[in-house]
Amino acid sequence: MNTARILLRSQCVRCLAPFARTTHLQAVLSNGGLAHCSLGLSSTGVQQVHRAFHASSRYDKNQPVPSTLKGSEEDGNKDKSLVAHDDLFERAGKEAKNKATFNKVVEVFNKRDVRRRGHVEFIYAALKKMPEFGVERDITVYNKLLDVFPKEVFVPRNFIQRMFNHYPRQQECAVEVLEQMENHGIMPNVETKVLLVQIFGPKGHPVRKYQRLMYWFPKFKHANPFPVPHQLPVDPVDLARFSLTRIANDMDTRVTVYQMPYTDITETGEEVQEPHIVGIQSPDQQALLAKHNPNKPVFVEGPYPLWLRRTCVYYYVLKADPVPPEEKVEEYMDPELVGPQQSIHYPLWIDMDLQRDMGDDFSFNVDNVEEGAIYAMCMAGQGDQVTLARWIAGLQETNPILGRIPTVFRLESGPRELQDLTEPQRPPGADMEAEHSAEPDHVMEEQQLGGQRVKQ
Amino acid sequence: MAASRTGRLLSARLLGTSTKQLVWPSASPFWSVPRRGYWRPGQPRERKWLWQRINFDFAKGVDGVRKNVGLLKDEFLQRWVGPEGKPLLEHMLEQTRVLWEFRGPESLNQWLVSSDREIGGRSEVYLKLGRNNNTCLLYGTLCSAPPRDGETRYSGYCTMRSEQLRASFDRKKHHDVSSFNTLHLRIRGDGRPWMINIGVENYFHHQRDDIYSYFLYTRGGPYWQDVKIPFSKFFLATRGRIQDDQHCLLLDKMNTIGFTLGDKADGPFQLEIDFIGVCNDPAHTEDFAYEVYKRNPEV
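Since the model is a prediction, treat every value here as computed from it, not as a measurement.

Engineer: Describe the sheet that holds strand 9 (residues 193-200) of chain B, with residues and values.
Structural biologist: Think of a sheet as strands paired side by side through backbone hydrogen bonds, with each pair either parallel or antiparallel. Residues and elements named next belong to chain B. Taken together, the seven strands give an open sheet; going across it, the order is 2-5-14-9-10-12-13, and neighbouring strands pair in antiparallel fashion. For this open sheet the edge positions go to strand 2 (111-115) and strand 13 (241-242), each flanked by a neighbour on one side alone. As paired strands, strand 9 and strand 10 (residues 210-217) are joined by seven bridges and run antiparallel to one another. Across the sheet, the residue bridging to I198 is Y212, located in strand 10.

Right, dumping it as structure tokens:
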């Protein structure tokens with residue numbers, strides 16, 4: 001926190017003699033203020049001689065400005081017409097939309113005027129353009145944007161200014177920058193704090209917002225017991241593996257890739273894209289399936305959605321209907337193996353209810369929802385019956401009883417196009433009509449554990 | 001200024017009743033509609049007098065009298081069995097209580113469902129009973145395109161909230177869960193993060209939008225998920241903005257509980273709830289998870 005301490009010292013010096021213009025004091029100020037001045041140098045690149053608070057500054061115009069952006073600037077200045085700040089971004093975006101061009105645009109704005117006229121509008125425009133350039137998750141870009149504010153001008157100098165929201169528009173603009181950071185879940189760093197303190201002083205609204213971010217974000221950062229990484233695996237098979245292990249609820253499950261995606265050439269010579277099939281099953285589920293009554297069918301239901309941040313993947317489930325109580329078979333437990341008479345050296349049944357007191361009863365007074373057993377799950381590139389039949393065939397190798405059990409497919413009516421996993425996140429307004437028309441069918445028929453209709 | 005410009009996450013209101021008409025901010029007599037609630041930009045600001053708001057209908061009056069007298073009779077007779085009809089021993093010794101369960105269509109009447117359609121958005125949300133009338137299914141589509149009214153900036157939320165308990169003659173009744181310290185839910189989501197909002201009974205007018213919230217992370221998948229959240233983890237937020245002065249959620253007058261989805265991922269969603277209960281975890285001794293002292297550190 002050296003920078004912060006130097007900052008405070010320099011501020012104190014300024015408080016003592018705000019209007020002193022002696023060269024001696026200027027030297028003192030320049031020495032004291034070198035730390036943050038160097039920050040300013042590195043970001044803007046313009047050689048600035050440090051000035052006293054109300055003195056003018058001299059700046060060096062030797063730094064070259066990119067020619068594409070410079071030419072139009074001069075034209076604009078000559079015409080004295082209003083140049084919208086979106087224009088700058090659009091022109092830069094024609095070449096490429098990435099962090100480098102975004103930074104270039106900000107630098108051009110910084111170099112244009114040392115007083116940074118119109119910086120509030122520029123920052124608002126930049127905030128809107130950030131998602132297009134793909135930099136909304138980059139903390140260095142936010143710091144660069146905060147650097148656009150002229151330093152020390154907005155710091156209140158007495159209690160009246162502090163009371164009356166000194167430079168409210170600029171404070172609101174900085175709060176907007178921090179709010180966009182908050183919306184994307186990006187933690188600010190110490191450079192953000194130093195910048196905010198330099199620009200608005202330690203008691204303004206932006207610094208308070210920063211303090212709130214730094215208080216609440218660490219508390220909620222690890223609140224998710226099932227965290228999803230920001231960078232999901234791109235390969236569909238890896239993604240299927242990740243999501244299946246996530247929903248499996250069992251540590252003993254085994255993931256099997258029944259088919260990798262490949263291009264098949266049929267007899268007629270046309271190429272057909274075969275999808276991937278990834279299945280998951282645990283030994284407990286295998287045992288349950290082995291005990292399944294062959295007269296009852298098993299159902300392949302799906303596709304059910306699973307959301308991982310912004311992507312939705314679909315999985316299919318092999319399950320059976322719940323067994324009615326009259327047909328429930330009581331398992332025969334050998335009293336020598338299980339129960340109070342079991343062997344004490346190799347116990348199969350352990351009653352460890354000792355942590356609960358005699359009077360404690362933490363069960364809820366509700367009937368358990370009767371549901372059928374789930375035997376396996378899978379994710380496939382296409383949701384049609386042929387692909388899923390291949391999955392069942394693959395499952396049959398480890399569960400031979402499947403050969404004798406009738407399998408019924410309860411899939412969604414109509415061809416269901418799965419979302420392409422490599423597709424970037426759709427912007428919120430786009431193709432809503434297509435979704436809406438498809439939505440009513442999907443929404444009305446979607447029941448978590450399928451209705452009574454049987455589709456084949 | 002900033003608060004009016006940014007869109008706020010509203011507490012759930014029944015579709016259609018949030019269009020409260022407002023009068024002009026000039027001095028208005030006390031019998032006209034007071035200025036409150038959210039005014040959707042573009043709606044006409046009509047002036048409705050008190051007698052225009054009340055529905056004077058004979059059939060409705062008869063129904064109302066019948067219902068309220070029945071409730072009053074219950075209240076008089078239930079106390080001979082025990083508090084609120086529960087035997088006294090059960091009330092004293094219970095360690096878990098089921099607050100809401102979904103057995104039958106009348107259980108859905110206790111819930112209000114709302115989405116950002118009220119502010120002009122395009123999300124849809126529906127509530128229905130799940131399979132075998134045992135669970136409830138909250139499903140719909142989320143769309144985070146903000147409404148183009150020049151004022152709202154963020155959009156895309158769907159909520160479900162329990163209704164306020166009513167005693168006879170529309171008096172407010174509260175849930176008293178002071179002998180418990182953990183909220184227990186049995187849900188089956190699709191991997192989306194939800195937020196649980198608990199509304200409590202407040203004394204001051206300024207506290208009317210105070211909601212205690214915490215996150216509900218669903219795993220997704222076909223298995224039921226038991227979620228246990230201690231009440232000490234709920235933080236205080238007003239109109240969606242987390243507050244600086246935090247205090248513990250007081251359990252003796254809980255009014256409503258709600259679930260909100262606003263995770264900016266456009267597309268269909270669903271949440272299946274089996275039951276909502278409270279239990280007492282004796283191992284949990286925390287009073288409050290967040291700092292209560294004044295936090296205004298000097299830089």
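Engineer: Tell me about the packing of helix 6 (residues 99-112) of chain A against helix 7 (residues 119-133) of chain A, and name the residues and values.
Structural biologist: Residues and elements named next belong to chain A. Running from amino to carboxyl end, helix 6 crosses helix 7 at an angle of 175°, the nearest separation of the two axes being 11 Å. Taken as axis vectors, helix 6 and helix 7 run roughly antiparallel relative to one another. The segment helix 6 lies against helix 7, with K99, T101, F102, V105, V106 and F109 engaging H119, F122, A126, M130 and F133. Class assignment of the residues belonging to the contact of helix 6 with helix 7 gives a composition of eight nonpolar, two polar and one charged.

Engineer: So, the pattern of salt bridges: which residues are in play, and what are the values?
Structural biologist: For the structure on display, the rule yields 31 salt bridges over all chains. Notably, a salt bridge pairs D244 of chain B with R212 of chain A, separated by 2.7 Å at the nearest N-O pair. You can see D244 of chain B sitting in the loop between strand 13 and strand 14 (254-261) and its partner R212 of chain A sitting in helix 12 (residues 205-220), one on each of two chains. Looking at D244 of chain B, the relative accessible area reads 32%, which means it is partly exposed.

Engineer: I'd like a description of the nonpolar core, backed by residues and values.
Structural biologist: Within the largest apolar cluster, 50 residues are counted, with the highest numbers of intra-cluster contacts made by I196, Y214, F234, F259, I273 and I276 of chain B. Residues in contact with Y214 of chain B, not counting those within four places in the same chain, are F220 and A223 of chain A together with W194, M195, I196, I229, K233, F234, F235 and Y290 of chain B. In terms of nonpolar packing, the next biggest core, distinct from the first, is built from 40 residues, F89, V105, M130 and Y142 of chain A among them.

Engineer: A description of the interface of chain B and chain A should follow, citing residues and the corresponding values.
Structural biologist: Each partner contributes residues to the interface: chain B has 71 residues there, and chain A has 66 residues. For the chain B and chain A pair, buried surface summed over both sides reaches about 5,900 Å², with 53% attributable to carbon and sulfur atoms. R188 of chain B is paired through a salt bridge with E371 of chain A; the nearest N and O atoms lie 3.1 Å apart. If you look at where chain B meets chain A, you find 18 residue pairs in polar contact (both at pLDDT 80 or more). Looking at the side of chain B that touches chain A, the elements that each hand over two or more residues are helix 1 (2-5), strand 1 (96-101), strand 3 (124-129), strand 4 (136-142), strand 8 (182-188), strand 10, strand 13 and strand 15 (267-279) of chain B.

Engineer: Can you explain the packing of aromatic side chains? Please cite residues and give values.
Structural biologist: Enumeration according to the criterion identifies 32 aromatic pairs over all chains in this entry. Taking the centre distance of 5.6 Å and the plane angle of 15° together, the rings of W216 of chain A and F220 of chain A count as stacked. Of the two residues, W216 of chain A and F220 of chain A both sit in helix 12, four residues apart, roughly one turn of that helix. Summarising the burial analysis for this pair, W216 of chain A and F220 of chain A share the class buried. Here the aromatic residues Y215, W216 and F220 of chain A together with Y214, F215, Y217, F231, F234, F235, F288 and Y290 of chain B are joined through ring pairs into a cluster of three or more. Looking at R410 of chain A, its charged tip hangs above the ring of F299 of chain A, at a distance of 3.9 Å from the centre. The side chain of R45 of chain B reaches across the aromatic face of W39 of chain B, ending 4.0 Å from its centre.

Engineer: Account for the side chain of N197 of chain B, with residues named and values stated.
Structural biologist: Of note, N197 of chain B is situated in strand 9. Residues contacting N197 of chain B, with those up to four places away along its chain left out, are I211, Y212, S213, T256, I257, G258 and T260 of chain B.

Engineer: Summarise unusual backbone geometry; cite the residues concerned and give the values.
Structural biologist: Outside of glycine, negative phi angles account for most residues, and trans bonds account for most peptide bonds. Residue and element names in this part refer to chain A. Between G302 and the following residue, P303, the backbone shows a cis peptide bond with an omega angle of -15°. Mapping P303 onto the fold places it in strand 5 (residues 298-308). Located in the positive-phi region is N165, a residue other than glycine, with phi close to 55°. On the secondary structure map, N165 appears in the loop between helix 9 (159-163) and helix 10 (168-183). Positive phi, close to 50°, is recorded for Y167, a residue that is not glycine.

Engineer: Describe a positive patch on the surface, with residues and values.
Structural biologist: A cluster of basic residues, R137, K221, R309 and R310 of chain A together with K264 of chain B, forms a positive patch at the surface. In this fold, R309 of chain A is placed in the loop between strand 5 and strand 6 (311-320). Exposure remark for R309 of chain A: the relative accessible area of 41% places this residue in the partly exposed category.

Engineer: So, the packing of helix 7 of chain A against helix 10 of chain A: which residues are in play, and what are the values?
Structural biologist: Residue and element names in this part refer to chain A. Viewed as axis vectors pointing N to C, helix 7 and helix 10 meet at an angle of 15°, and their least axial separation amounts to 10 Å. As summarised for this structure, helix 7 and helix 10 are arranged roughly parallel, according to the angle between their axes. Considering the relative orientation of helix 7 and helix 10, their crossing is left-handed. Across from H119, V120, E121, I123, Y124, L127, M130 and P131 in helix 7, the residues of helix 10 making contact are R169, Q170, E172, C173, E176, V177 and Q180. Tallied by class, the residues present in the contact of helix 7 with helix 10 amount to eight nonpolar, three polar and four charged.

Engineer: Residue-level account of a nonpolar patch on the surface, with values.
Structural biologist: On the surface, F159, I160, M163 and F164 of chain A cluster together into a nonpolar patch covering about 490 Å² of accessible area. Tracing the sequence through the fold places I160 of chain A in helix 9.

Conventions adopted
Residues numbered from 1 in each chain as written. Chains lettered and ligands numbered in written order. Predicted model: local features only at pLDDT ≥ 70, side-chain atom pairs only at ≥ 80, totals over all residues. Heavy atoms only, no water. Pairing = 2+ DSSP bridges. Helix = DSSP H or I, 4+ residues; strand = E, 2+ residues; numbered from the N terminus. Axes fitted to C-alpha atoms, helices over the stretch in contact; angles between N-to-C directions. Parallel < 35°, antiparallel > 145°, perpendicular 65-115°, else oblique. Contact = heavy atoms within 4.5 Å. Nonpolar A, V, L, I, M, F, W, Y, C, P; charged D, E, K, R; others polar. Salt bridge = Lys/Arg side-chain N within 4 Å of Asp/Glu carboxyl O. Buried < 20%, exposed > 50% of the residue type's maximum accessible area, 1.4 Å probe, protein only. Core = buried A, V, L, I, M, F, W, Y, C linked by side-chain atoms within 4.5 Å. Buried area = accessible area lost by both parts, 1.4 Å probe. Polar contact = N/O pair within 3.5 Å; in protein donor to acceptor, adjacent residues only side chain to side chain. Phe/Tyr/Trp six-rings, centres within 6.5 Å; stacked < 30°, edge-to-face > 60°. Lys NZ or Arg CZ within 6 Å of the ring centre and 35° of its normal. Patch = residues over 30% accessible without salt bridge, like charges linked within 9 Å, V, L, I, M, F, W, Y side chains within 5 Å. Areas by Shrake-Rupley, 256 points an atom, 1.4 Å probe, with all protein chains shown as cover. Lys, Arg positive; Asp, Glu negative; His and termini not counted. Charge placed at Lys NZ, Arg CZ, Asp CG, Glu CD. Left-handed = near helix turned anticlockwise from the far one by under 90°.

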